[in-house]
Amino acid sequence: NIDESWKNQIKFEDQSFDYDGNEHSIYVEGLPEAATVTYSGNNKVNPGEYNVFANVTYNDNKLSLSAKMTINKMKSILTAEDNQIFYVVNNDVRPLYTLNNNEQLVSISVKKDGKIVSENELYKVGKYEVELFAEKTLFYEESATIKINVDVKNSKFDVSYNSQTFEYDGTD
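On a predicted model such as this, the values are computed, not experimentally measured, just so you know.

A. Local environment of the overall build of the protein chain. A count of helical and extended segments in the protein chain gives one helix and 13 strands. Shown N-terminal to C-terminal, the secondary structure of the protein chain runs as helices and strands in the order α-β-β-β-β-β-β-β-β-β-β-β-β-β. Residue pairs at least 24 apart in sequence account for 52% of intrachain contacts in the protein chain once pairs closer than 6 positions are excluded. Carbon together with sulfur atoms contributes 45% to the accessible area of the protein chain, which is approximately 11800 Å² in total.

Right, here's the structure in full:
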């Protein structure tokens with residue numbers, strides 16, 4: 001009679017890791033001392049879900065196991081001031097924000113009076129509602145969408161000379 005109670009002591013469970021640039025693996029636990037294990041599907045680095053297989057041999061008995069290893073993407077953190085004021089200079093206005101990485105691209109959606117307008121309209125005087133978000137990449141999750149208000153005003157660069165007024169238009 002073959003004692004197979006050793007199989008009840010073994011655990012090979014799904015595990016999750018956060019991406020950190022290092023290899024990750026999962027292992028069988030609770031093995032009898034003389035047992036041997038071969039693995040396939042371990043030693044993964046990039047975010048994703050992987051099937052890992054373990055073949056256990058003990059006293060001429062074999063047991064095949066499988067588990068899922070998940071490597072999670074890093075969190076994307078996008079922040080911006082809720083209300084931003086800009087003065088028209090060189091017809092260039094870009095909302096200010098910070099992002100915790102340099103891998104992701106930040107998408108900008110612009111509305112004026114509730115209607116979507118081109119991002120290139122942002123240099124025109126007016127009040128805009130702007131939505132920002134960072135798209136997911138291989139290593140980062142998509143960020144939360146941030147909504148900000150952008151107020152674009154005429155330039156403050158006015159110059160008076162001999163009773164004449166000149167307005168700086170951003171050119172030299």
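We are not done yet, so read on.
B. A look at the packing of aromatic side chains. The full count for this structure, using the stated rule, is four aromatic pairs. Pairing Y19 with F139 gives two aromatic rings, centres 4.6 Å apart and planes at 40 degrees, and the pair type is tilted. Remark: F139 occurs in the loop between β10 (126-134) and β11 (146-153) and Y19 occurs in the loop between β1 (15-18) and β2 (36-40); sequence separation between them is 120 residues. Pair check on accessibility: Y19 and F139 agree, each one buried. Seen in terms of ring centroids, Y27 and Y39 are 5.5 Å apart; in terms of plane orientation they differ by 90 degrees. Their pairing is edge-to-face. Of this pair, Y27 sits in the loop between β1 and β2 while Y39 sits in strand β2, and the two are twelve residues apart along the sequence. A residue is classified by how much of its surface remains accessible, and Y39, at 30% relative accessible area, is partly exposed. Among the aromatic side chains, those forming a connected cluster through ring pairs are F12, Y27 and Y39.

C. The arrangement of the side chain of Q104 in detail. Relative to the helices and strands, Q104 resides in the loop between β7 (98-99) and β8 (106-112). In this structure Q104 comes out as buried when scored by relative accessible area, which is 6%. A polar contact of 2.7 Å, which involves the side chain of Q104, links it to the side chain of S76. Contact partners of Q104, with chain neighbours within four places excluded, come to S76, L99, A134, E135, K136, T137, Y140, E141 and E142.

D. Main features of the pattern of salt bridges. What the rule picks out here adds up to six salt bridges. A salt bridge links K127 to D151, with the nearest nitrogen and oxygen atoms 3.1 Å apart. On the criterion of sequence distance, the pair formed by K127 in strand β10 and D151 in strand β11 is long-range, its members being 24 residues apart. Between K147 and E131 there is a salt bridge; the shortest N-O distance is 3.7 Å.

E. Just the pairing of strand β3 (residues 48-58), in detail. Pairing geometry for β2 and β3, over five bridges, is antiparallel. In the sheet register, T36 faces β3, and the bridge partner there is T57. The pairing of β3 with strand β4 (residues 61-72) spans eleven bridges and is classified as antiparallel. Bridged to G48 within β4 is I71. Between the end of β3 and the start of β4, which pair antiparallel, lie two residues, with N59 showing a positive phi angle near 50 degrees.

F. Focus on the sheet that holds β11. The five strands are arranged β6-β11-β10-β8-β9 in an open sheet whose pairing can be described as mixed. In this open sheet, the two edge strands, each paired with only one partner strand, are β6 (83-87) and β9 (115-117). Sheet twist, expressed as the mean angle between neighbouring strand axes with direction ignored, is 35 degrees. In this sheet, β9 lies alongside β8 in antiparallel orientation, the contact comprising three bridges. In the sheet register, K111 faces β9, and the bridge partner there is I116.

G. Unusual backbone geometry, seen in detail. Within the chain, N59 stands out as a residue other than glycine whose phi angle is a positive 50 degrees. Among the secondary structure elements, N59 is positioned in the loop between β3 and β4. Phi is positive for D113, which is not a glycine, with a value near 55 degrees. Note on placement: D113 falls in the loop between β8 and β9. You can call D113 exposed: its relative accessible area is 69%.

Each value, and the rule that gives it
- Residues numbered from 1 in each chain as written.
- Predicted model: local features only at pLDDT ≥ 70, side-chain atom pairs only at ≥ 80, totals over all residues.
- Heavy atoms only, no water.
- Helix = DSSP H or I, 4+ residues; strand = E, 2+ residues; numbered from the N terminus.
- Contact = heavy atoms within 4.5 Å.
- Areas by Shrake-Rupley, 256 points an atom, 1.4 Å probe, with all protein chains shown as cover.
- Phe/Tyr/Trp six-rings, centres within 6.5 Å; stacked < 30°, edge-to-face > 60°.
- Buried < 20%, exposed > 50% of the residue type's maximum accessible area, 1.4 Å probe, protein only.
- Polar contact = N/O pair within 3.5 Å; in protein donor to acceptor, adjacent residues only side chain to side chain.
- Salt bridge = Lys/Arg side-chain N within 4 Å of Asp/Glu carboxyl O.
- Pairing = 2+ DSSP bridges.
- Axes fitted to C-alpha atoms, helices over the stretch in contact; angles between N-to-C directions.

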